[in-house]
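# Descriptive structure summary
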Amino acid sequence: MAVSVKKITLWRREIEDRPGSLARVLAPLAQTGTSLQVVMGYRYPEPTGQAAVELAPVGGKRSTAAAQNAGLTPSTIGALLVQGDDRPGLGGALSDALGQAGLNLHFLVALVSGRRYTAIFGFGSESDADRAVPIIKRSAAAPRRPAARGRARAGASRKRGSKRR
């Protein structure tokens, strides 16, 4: 299964939780023709009336200037953009491997479309994100195989002519 793991810099800004706030942040980037892969907007439960927006990628002079004019700054969160072929249990396998390695996720945003997934993993530091890269690659690329005993039983029942319902 193909998997891509890429470090990204999230650009972030706190905004008012009001209609049109997100549009005002995105407008300068749209005007410069910046193409974004990730846009996350969310409100805080407390203090009321506050929210945040995070987005990526921002690169090049025009896009960087537009992001800065919109009040965005590069985040210190270590973040990875992970894309690949989806399969049942993949999220559990990735989170288990990261946990066993002692890496704490600060956030995870994931989406499956068709047979592909895209996820953004956020860590407490750049070094944690660096440590996570090989773990995610290894865990995402290696599908879990059923135990040999289970496969033998399934094969045996078919040999005896069992009917599937």
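These figures come from a predicted structure and were not determined experimentally.

## Description of the sheet that holds strand β6 (residues 78-85)
- Ordered in space as β1-β6-β8-β7, the 4 strands form an open sheet in which the pairing is antiparallel. Each edge of the sheet is formed by a strand with only one pairing partner; in this case those strands are β1 (3-8) and β7 (105-113). Across this sheet, the average inter-strand angle for adjacent strands is 15°, counted without regard to direction.
- Here helix α3 (residues 90-100) sits on the sheet and contacts β6, β7 and β8 (116-123); the angle it forms with β8, its principal contact strand, is near 25°.
- Across the sheet, helix α4 (residues 126-141) lies against β1, β6 and β8, angled at about 10° from β6, the strand it touches most.

## Description of the nonpolar core
- Counting 18 residues, the largest nonpolar core has L80, V82, L98, F121, F123, A132 and I136 as its most contacted members.
- Breaking this core down by element, the ones donating at least two residues are β6, α3, β8 and α4.
- A per-element tally of this core places α4 first, with 6 residues.
- Beyond its immediate stretch of four places on either side in the chain, A132 contacts L80, L98, L103 and F123.
- Membership of the second largest hydrophobic core comes to 12 residues, among which are V25, L29, A51 and L72.

## Describing helix α1 (residues 21-31)
- For α1, the set of buried residues is S21, V25 and L29. For α1, the arc enclosing every buried residue in end-on projection is 70°, short of the 170-degree limit, so these residues lie on one face. The outward face of α1, more than 90 degrees from its buried face, is lined by the exposed residues A23, R24, A30 and Q31.
- Looking at the buried residues of α1, the elements they touch are β2 (11-16), β4 (50-56) and α2 (61-69).
- The first or second residue beyond α1 is G33, which carries a positive phi of 80°.

## Regarding the pattern of salt bridges
- Tallied over the full model, the rule gives 7 salt bridges.
- With a closest N to O distance of 2.7 Å, E126 and K7 form a salt bridge. You can see E126 sitting in helix α4 and its partner K7 sitting in strand β1, a full 119 residues away along the chain.
- What makes K7 partly exposed here is its relative accessible area of 36%.
- Linked through salt bridges whose partners overlap, the residues forming this network are K7, E126 and D130.

## Quick look at the packing of aromatic side chains
- Following the criterion strictly, the structure yields 1 aromatic pair and no others.
- Ring geometry for Y42 and Y44: centres 6.2 Å apart, planes at 70°, overall edge-to-face.

## Points about the packing of α3 against α4
- Their axes nearest at 9 Å, the elements α3 and α4 cross at an angle of 145°. Judged by the twist between their axes, the crossing of α3 over α4 is right-handed. In this structure, α3 contributes L90, A93, L94, A97 and L98 to the contact, and α4 contributes A132, I135, I136, S139 and A140.
- Partitioned by chemical class, the residues of the contact of α3 with α4 number 9 nonpolar, 1 polar and no charged.

## What to know about the sheet that holds β2
- Pairing in this open sheet of 4 strands is antiparallel, and the strands run β3-β4-β2-β5 from one edge to the other. The sheet is open, and its two edges are formed by β3 (38-43) and β5 (73-74), each paired on a single side.
- Running over the sheet, α1 touches β2, β3 and β4 and is turned about 145° from β2.

## Notes on unusual backbone geometry
- The omega torsion of the bond from A56 to P57 falls at -10°, within 30 degrees of zero and hence cis.
- With respect to the helices and strands, P57 occurs in the loop between β4 and α2.

About the criteria used
Residues numbered from 1 in each chain as written. Predicted model: local features only at pLDDT ≥ 70, side-chain atom pairs only at ≥ 80, totals over all residues. Heavy atoms only, no water. Pairing = 2+ DSSP bridges. Helix = DSSP H or I, 4+ residues; strand = E, 2+ residues; numbered from the N terminus. Axes fitted to C-alpha atoms, helices over the stretch in contact; angles between N-to-C directions. Contact = heavy atoms within 4.5 Å. Core = buried A, V, L, I, M, F, W, Y, C linked by side-chain atoms within 4.5 Å. Buried < 20%, exposed > 50% of the residue type's maximum accessible area, 1.4 Å probe, protein only. Arc of directions from axis to C-beta. Salt bridge = Lys/Arg side-chain N within 4 Å of Asp/Glu carboxyl O. Phe/Tyr/Trp six-rings, centres within 6.5 Å; stacked < 30°, edge-to-face > 60°. Left-handed = near helix turned anticlockwise from the far one by under 90°. Nonpolar A, V, L, I, M, F, W, Y, C, P; charged D, E, K, R; others polar.

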